Amino acid sequence: MTATWSRKLIASAAAAVATIVVGFLGVMFVTFVGYQFAGTIFAQASPYFFESTIITFVLLLIVGVVGLYRYRLLALLAGAALAVIGALLGLVVQVATTGQPIDSAVLGSIVATLISLNLVFVVVVALSAAFIGYPVYWMVVRTQDAVLDDGRRIALVRMPASNLAEGLVTHLERTPIDTELADKQWDAYVAAFDAAGWDTTEVSWADQLADSVFIEDAVIVIGDVAVVTRPGAESRRPEVVAAETTARELGLRIHRIEGEGTLEGGDVLRVGTTVYVGRSGRTNAEGVRQLRAILAPLGFDVVAVPVTTALHLKSTVTALPDGTVLVHPDLVEDPSFFGRHLVVPEREGVAVVELAEDTVLISAAAPKTAALLEDRGYTVVQVDISEFEKLEGCVTCLSVRVS
């Protein structure tokens, strides 16, 4: 289990306990009021709801780990559904323990409770999940984030949209996308981060935002600062909303590119205290100016770089952990602009992601470059991202590192 799943389990357990305790007390209170404040009702109602409460708690715990508390509305709807299941199973258990056969008549009477006494249980648990469990979950997550040491490494990722094949293409001819293969490749990409000790955190899925899997373009993270971008492609601007939400949940300080400025994260390359920004078709001068205003007080030099041969700057150059910039002659006319550089044999080889000081991630389409980097003492992890490369993506595009 990765640290991310550990945190989710702890937060889910806390939220499930809070939800079910408040839910159970709420049911008792409503029942007490409904029976005109008769004190004897507690002794009768408590056993009735006991099994249902325990089963619902287990369901809340399990489903909480996989995202029940990601949104308040989701918590409300899922809480109601789980309460229905818990209520029905709880009564089935009660009947079974009496030795009474469970036939269609018994099942019918059990289901009928959903419009009587168990309706109260379902409504109260659903409200408790949304207004008690949801805030408790995120409070625990943020508390754990605050006490983790500085060595923690997080990578933001985002699942491919269902309409991935409709993603924008600018510098390449459009070719068919195998979406099933893309999903498998994305899973393997995320697994590479997990295996390298990163906590992968998913930005909420955007089913109909075709390019949203390229999360790098939506937010830039440098230190504890997150710059929410304003993509140059208007169709991509809705992608930044969920990215900002996740950045806030991680406790990052938020800045935004606003007004007429456009900036996409694929155009931003940090090498030491220098931040190169591509002046591409997606990032304009105003976007560069605003980023410079944000980063200059933090001690960074922002240097604009014209980009004409590819979609983004990091489609033409990236850097090794030691600061050496990787270039290819077809993509960069004057590599000396970047100072220390290394010419690589494949175009796909210019893009690497630093997983550790001695480990980089690279496309499987660049085996010669991988061998070159291994010869320089790096551990090289190769991943097949062919379907994303058809959409002008590279290994950097599919994640945002927070460390």
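This one's a predicted model, so the numbers in the text were calculated from it and none came from an experiment. (Residues numbered from 1 in each chain as written. Predicted model: local features only at pLDDT ≥ 70, side-chain atom pairs only at ≥ 80, totals over all residues. Heavy atoms only, no water.)

A short note on the nonpolar core
Stated precisely, the cut-off is as follows: The set of buried Ala, Val, Leu, Ile, Met, Phe, Trp, Tyr and Cys residues whose side-chain atoms join them within 4.5 Å is what this entry labels a nonpolar core. Remark: exposure states derive from per-residue accessible area (1.4 Å probe, protein chains only) relative to the maximum for the residue type, with buried under 20%, exposed over 50%, and partly exposed in between. The way it works is that DSSP assigns letters per residue, a run of H or I at least four long becomes a helix, a run of E at least two long becomes a strand, and they are numbered from the N terminus. Any two residues whose heavy atoms approach within 4.5 Å at even a single point are treated as in contact.
Formed by 26 residues in total, the largest nonpolar core has its most connected members in Val317 and Leu373. Put simply, the parts of the chain that give this core at least two residues each are β6 (268-271), β10 (325-327), β13 (359-363) and α9 (367-375). In terms of residues, this core owes the most to one element, β10, which gives 3 residues. Apart from residues lying up to four places away in sequence, Leu373 is in contact with Leu320, Leu326, Leu342, Val352, Val360, Ile362, Tyr378 and Val380. Counting 25 residues, the second largest nonpolar core, distinct from the first, contains Leu164, Trp186, Ala192 and Val213.

What about the side chain of Ser12?
As a reminder of what qualifies: Contacts described as polar in this section are N or O atom pairs within 3.5 Å, which, within protein, must combine one atom able to donate a hydrogen with one able to accept it, while residues neighboring in sequence count only if both atoms come from side chains.
Counting through the fold element by element, Ser12 comes out in helix α1 (residues 3-34). Here Val65 takes part through its backbone nitrogen, which lies 3.4 Å from a polar atom of the side chain of Ser12. When sequence neighbours within four positions are dropped, the list of residues in contact with Ser12 reads Leu60, Leu61, Gly64, Val65, Tyr69 and Tyr137.

Comments concerning the side chain of Thr229
Within the secondary structure, Thr229 sits in the loop between β4 (225-228) and α7 (240-249). At a separation of 2.7 Å, a polar atom in the side chain of Thr229 contacts the main-chain carbonyl oxygen of Asp217. In this view, Thr229 contacts Asp217, Ala218, Val219, Ile220, Val240, Ile257, Leu263 and Gly265; residues no more than four positions away in its chain are not counted.

Quick notes on the packing of aromatic side chains
Here a ring pair, both rings aromatic, is described through the centre-centre distance and the interplanar angle of the planes. The condition is simple: Centres within 6.5 Å make a pair out of two Phe, Tyr or Trp rings, where for Trp the six-membered ring is used; the pair is then stacked when the planes are under 30 degrees apart, edge-to-face when over 60, and tilted otherwise.
Going through the model one piece at a time under the given rule, you end up with 10 aromatic pairs. Judged by centre distance (5.2 Å) and plane angle (85°), the ring pair of Phe337 and Phe338 falls under edge-to-face. The class of Phe337 is partly exposed, set by a relative accessible area of 41%. Accessibility expressed as a relative area gives 9% for Phe338, which makes it buried. Here a set of aromatic residues connected by ring pairs shows up, and it is made of Tyr48, Phe49 and Phe121.

Side note on helix α6 (residues 179-195)
Inclusion rule: By this rule, a helix spans an expected 1.5 Å times one less than how many residues it contains.
If you check α6, its first and last C-alpha atoms are 24 Å apart, about what 17 residues at 1.5 Å a residue would give, namely 24 Å. Among the residues of α6, the N-terminal cap falls to Asp178, whose side-chain oxygen and the backbone nitrogen of Glu180 are separated by 3.2 Å. Positive backbone phi, at 90°, marks Gly197, one or two positions downstream of α6.

Observations regarding helix α8 (residues 285-295)
Quick reminder of the rule: For this quantity, the arc is that covered by the directions from the helix axis to the C-beta atoms.
Among all positions in α8, only Gly287, Val288, Gln290, Leu291, Ile294 and Leu295 are buried. Axial view of α8: buried residues confined to an arc of 165°, hence all on one face. Residues of α8 that are buried sit in contact with β3 (219-222), β4, β5 (253-256), β6, β7 (274-279) and β8 (301-306). With a side-chain oxygen positioned 3.2 Å from the backbone nitrogen of Glu286, the residue opening α8 is Asn284.

Digging into a nonpolar patch on the surface
As a reminder, the rule being used: A patch is a set of surface residues, each over 30% in relative accessible area and not in a salt bridge, joined within 9 Å for like charges and within 5 Å for the nonpolar side chains Val, Leu, Ile, Met, Phe, Trp and Tyr. Only the protein chains shown count as cover for residues, with accessible areas throughout obtained via the Shrake-Rupley method and a probe of 1.4 Å. For this analysis, a salt bridge means a side-chain nitrogen from Lys or Arg found within 4 Å of a carboxyl oxygen belonging to Asp or Glu.
Together, Phe50, Ile54, Val58 and Ile62 make up a nonpolar patch on the protein surface, roughly 380 Å² of accessible area in all. Residue placement: Val58 occurs in helix α2 (residues 41-65). Residue Val58 is classed as partly exposed on the basis of its relative accessible area of 39%.

Some thoughts on the pattern of salt bridges
Enumeration over the complete set of coordinates arrives at 11 salt bridges. The shortest N-O distance in the salt bridge between Arg282 and Glu264 comes to 3.1 Å. With Arg282 in the loop between β7 and α8 and Glu264 in the loop between β5 and β6, this residue pair connects regions lying 18 residues apart in the sequence. For Glu264, a relative accessible area of 0% gives the class buried. One salt bridge in this structure joins Arg289 and Glu286, with 2.7 Å as the shortest N-O distance. A residue pair is termed a helical-turn pair when its members lie 3 or 4 positions apart in one helix, as Arg289 and Glu286 do in helix α8 at 3 residues. Overall, the relative accessible area of 45% leaves Arg289 in the partly exposed class. A network of salt bridges, in which partner residues are shared, links Asp217, Arg236, Glu239, Glu264 and Arg282.

Notes on the UniProt feature "transmembrane region" (unreviewed entry) in the protein
Let me state the cut-off plainly: UniProt positions are given in the numbering used here, feature names are shortened, and annotations may be inferred rather than shown by experiment.
As annotated in UniProt, the feature "transmembrane region" (unreviewed entry) corresponds to residues 12-35, 47-66, 73-93 and 105-132 in the numbering used here. Secondary structure across residues 105-132 divides into 86% helix and 0% strand, with the first and last C-alpha atoms of the span separated by 37 Å.

Describing the environment of Gly251
As for its placement among the helices and strands, Gly251 is situated in the loop between α7 and β5. You can call Gly251 exposed: its relative accessible area is 57%.

Brief notes about the pairing of β3
Put simply, the test is: When DSSP locates at least two bridges between a pair of strands, those strands are taken to pair.
Side chains of β3 alternate between two faces, with Val219 and Val221 and Ile220 and Ile222 buried alike. Here β3 pairs with β4 via 4 bridges, running antiparallel. Of the residues in β4, the one forming a bridge with Ile220 is Val227. Taking the residues that link successive antiparallel strands as the turn, the β3-β4 hairpin has 2 residues, and the phi of Gly223 there is positive, at about 65°.

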